[in-house]
Amino acid sequence: MRNKLLSGLLCLMSAMILSLYIVPFSAECSDHTVGEVDDLIGGIVSYKLGQAGVGSTEEWLGNGIAEGAGTATDWYALTLSQCGYTDLSAYERSLTEYIGSNNISSATSREKYALALCAAGSDSSYISDILDSSIGEQGMMSWIYGLHILNNGYTCSRFTAESVVDTILSMQYDDGGWALFGDYGDIDVTAMTVQALAPYYHSKSSVKDSVDRAVDFMSRKQLDSGCYQSFGNLNPESTAQVLTAVSALGIDCRYDERFIKNGNDLIDGIVHFRLPDGSFSHTEGGDSNETATVQAYYSFVAFRRMTEGKSPLLILDNRRNKEAPQQQTEAPAQGDTDDIATAASTVTAAEENQTTTAKTTVTTSVSVSKVTGTQAAATVSPSSDTETAAVTSAHTGEIRDNEQFPKGSYKPKVIIIIICSAAVLSLILLIIGKRNIKNFIFIGIIAGAAVILVLATNISSPEEYYSGSKKVKDNAVGTVTMEIRCDTIAGRSESEHIPVDGVILPPTAFDFEAGETVFDILTEAAQTYGIQVENKGSAGSAHGMVYISGINYIYEYDFGDLSGWVYHVNGITPSRSCGEYELSDGDRIEWLYTCEIGHDLDEVYEK
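All values derive from a computational prediction rather than experimental measurement.

Chemist: Is there a simple way to think about the pattern of salt bridges in this case?
Modeler: Pairs may arise between side chains of opposite charge once their charged atoms sit close together. Applying the stated criterion to the full structure yields 18 salt bridges. As a salt-bridge pair, Asp-212 and Lys-208 come within 3.1 Å of each other at their nearest N and O atoms. With Asp-212 and Lys-208 both in helix 12 (residues 205–221) and 4 residues apart, this pair spans about one turn of that helix. Judged by relative accessible area, which is 22%, Asp-212 ranks as partly exposed.

Chemist: So what exactly am I meant to see when it comes to the side chain of Gln-295 here?
Modeler: Relative to the assigned elements, Gln-295 resides in helix 15 (residues 290–307). Look at Gln-295 and you get buried, because its relative accessible area is 0%. Here Gln-241 takes part through its side chain, which lies 2.9 Å from a polar atom of the side chain of Gln-295.

Chemist: I tried to follow the nonpolar core on my own but got confused; where do I start?
Modeler: Where a protein is soluble and globular, its nonpolar side chains tend to be buried together. With 99 residues, the main nonpolar core has Tyr-91, Leu-197, Met-218, Val-242, Leu-243, Phe-259 and Phe-300 as its most contacted residues. In terms of residue count, the dominant contributor to this core is helix 15 (10 residues). Not counting the four nearest positions on each side in its chain, Phe-300 is found in contact with Val-37, Leu-40, Ile-41, Ile-44, Leu-243, Ile-267, Ile-270 and Phe-280. Ranked by size, the runner-up nonpolar core spans 33 residues in total, among them Ala-525, Val-546, Ile-551 and Cys-595.

Chemist: Would you explain the pairing of strand 10 (residues 564–569) in this entry?
Modeler: In summary, the side chains of a regular strand alternate between the two faces of the sheet. Taking burial as the measure, the 6 residues of strand 10 include 6 buried ones, the bulk of the element. Burial along strand 10 is two-sided: Gly-564, Val-566 and His-568 facing one way and Trp-565, Tyr-567 and Val-569 facing the other are all buried.

Chemist: Just checking my understanding: could you explain a nonpolar patch on the surface for this structure?
Modeler: Residues Val-424, Leu-425, Leu-427, Ile-428, Leu-430, Ile-431 and Ile-432 make up a contiguous nonpolar surface patch of roughly 650 Å² in combined accessible area. Looking at where Leu-427 falls in the secondary structure, it is placed in helix 16 (residues 411–431).

Chemist: Would you explain the packing of aromatic side chains in this entry?
Modeler: What characterises a pair of aromatic rings is the spacing of the ring centres plus the angle enclosed by the ring planes. Counted according to the given criterion, the structure contains 11 aromatic pairs. Taking 5.8 Å as the distance between ring centres and 75 degrees as the angle between the ring planes, the aromatic pair formed by Tyr-98 and Tyr-113 counts as edge-to-face. Pair noted here: Tyr-98 is in helix 5 (residues 89–101) and Tyr-113 is in helix 6 (residues 107–119), with a separation of 15 residues, a long-range link. Here the aromatic rings of Phe-510 and Tyr-529 are separated by 6.3 Å at their centres, their planes lie at 90 degrees, and the arrangement is edge-to-face. With Phe-510 in strand 6 (residues 503–513) and Tyr-529 in helix 19 (residues 518–529), the pair connects residues that are 19 residues apart, well separated along the chain.

Chemist: Would you mind going over the sheet that holds strand 5 (residues 476–485) with me for this structure?
Modeler: One key point about sheets: their strands pair by backbone hydrogen bonds, in either a parallel or an antiparallel sense. Pairing within the open sheet is mixed, and its 4 strands lie in the order 6-5-11-10. Each end of this open sheet is capped by a strand with a single partner; those strands are strand 6 and strand 10. Sheet twist, expressed as the mean angle between neighbouring strand axes with direction ignored, is 20 degrees. Note: strand 10 against strand 11 (residues 588–594), 6 bridges, orientation antiparallel. The residue bridging Trp-565 from the neighbouring strand is Tyr-593, located in strand 11. With respect to the sheet, helix 19 is in contact with strand 5, strand 6, strand 10 and strand 11, its orientation differing from that of strand 6 by roughly 120 degrees.

The rules behind these values
- Residues numbered from 1 in each chain as written.
- Predicted model: local features only at pLDDT ≥ 70, side-chain atom pairs only at ≥ 80, totals over all residues.
- Heavy atoms only, no water.
- Salt bridge = Lys/Arg side-chain N within 4 Å of Asp/Glu carboxyl O.
- Helix = DSSP H or I, 4+ residues; strand = E, 2+ residues; numbered from the N terminus.
- Buried < 20%, exposed > 50% of the residue type's maximum accessible area, 1.4 Å probe, protein only.
- Polar contact = N/O pair within 3.5 Å; in protein donor to acceptor, adjacent residues only side chain to side chain.
- Core = buried A, V, L, I, M, F, W, Y, C linked by side-chain atoms within 4.5 Å.
- Contact = heavy atoms within 4.5 Å.
- Patch = residues over 30% accessible without salt bridge, like charges linked within 9 Å, V, L, I, M, F, W, Y side chains within 5 Å.
- Areas by Shrake-Rupley, 256 points an atom, 1.4 Å probe, with all protein chains shown as cover.
- Phe/Tyr/Trp six-rings, centres within 6.5 Å; stacked < 30°, edge-to-face > 60°.
- Pairing = 2+ DSSP bridges.
- Axes fitted to C-alpha atoms, helices over the stretch in contact; angles between N-to-C directions.

What follows is the structure in structure tokens.
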């Protein structure tokens, strides 16, 4: 009896101890202190001071940041203004000069410069003047940036903050998110939208309902590491956008269980990409990246402002017009996670990086993309990175009857080896007396599967892959033309990969078979003409999402936060991934490099 009782107690104690590891506590939180976040902010500033060759932040503002106005330093200027620096006069002069000497055709760029002037304490009429011609003119981001300006008390004749809010709410997807295009929410765009809507959370019930759904969306998408992935790739930028968004809502991510996964919070998710010099990489194990660094910087500042009870990042302290929406700024109590605490404010109108995506390059280093900037866009999670010596094409689709083994193909030899191996294994089973028919059926199934895999997969060297000759398509149903250009950056770099005239591939005709996509033709062009193409995702991935991160060694983000590759068909920017766009006879395909997520190309969007 005593032994049974002792055994029962031991079992009970074991179960209790085990439950400590299995059952998460709602009070679980990470151990980041405010001082640690201040150190992260200071590390970024020290890195930038060293990079600029100056000894103080004031010197950086007057020199490096002023020199980069309009091109490279606007988000640093805005963030420093929210850190208490009020003398941005040198930057303001430089930005005003830049605006005056350049034709700013992009609506979102005009809105970004208006916000930067506002942050610098400018009284320029430009801030209000551009609103009527910019809000909503270039899709989702122009609504978001425009609302940021309205949130700071500026007005225009065509729009009110309320009308813009209602328009944005109408664009929310069924999953609770927002995106530039497609049928599913994007984490970056959703977070940026929440930043802009935050000031109205407690005063407008429709905003509260919408934002609650968006918060659930962001919580569901968070990974165990605390970070996010965009287009399949782990990256700090998406996490920075979420940190800025929840800070705008008064949520302290260190104590809110919705944003703590496996003991890791949003700050952990960003710090995962920190480099020894204080900067941040765009991908795990990658080099320092300017977009990742600046977005980490302003997200940490947004977090610190929340802990200090200050307004959100984009309710700008130095603005001349003080009639911004009023909101509560009391820091939330530790562990208060039932409601979205304390109202907050605006978006950190952060650029997209939609970037981002796992490199499941099943078809050589060729791939296809859509710039999102997040999102036509940007990022990297575990997956295969196809810049290797041997290129594997896994076109695991239907094996056509007219396919033949090319001369010198490895496939017949491999198939013979598989069959012989199966025969030898069967013989061994007979010798040792294991003659159950199930054993031989199993061997046959394995051998058959191996043969199918060999038939469906093509392994070739780079020399073989880049064949230099067009494919002969016996079942062609039409012809399309495709060209690849980078006019927007011609002459802006000494890179040998950027042609002087910006033409990488002139208009070239390609036959296509039924069901082939823009992605297929880009892949064929890369093989035929030896053009390097790097993609993230694949035509067979979730939602058929394929993302082109580089062509001819020219990559997204090489020329700014909003730069990357986009494609047009018959002059229209499709709302589908290039892996989903099936071709029709006579289609005219253009792959173009953009520095403004397509807005510098006078894009016309597919309806």
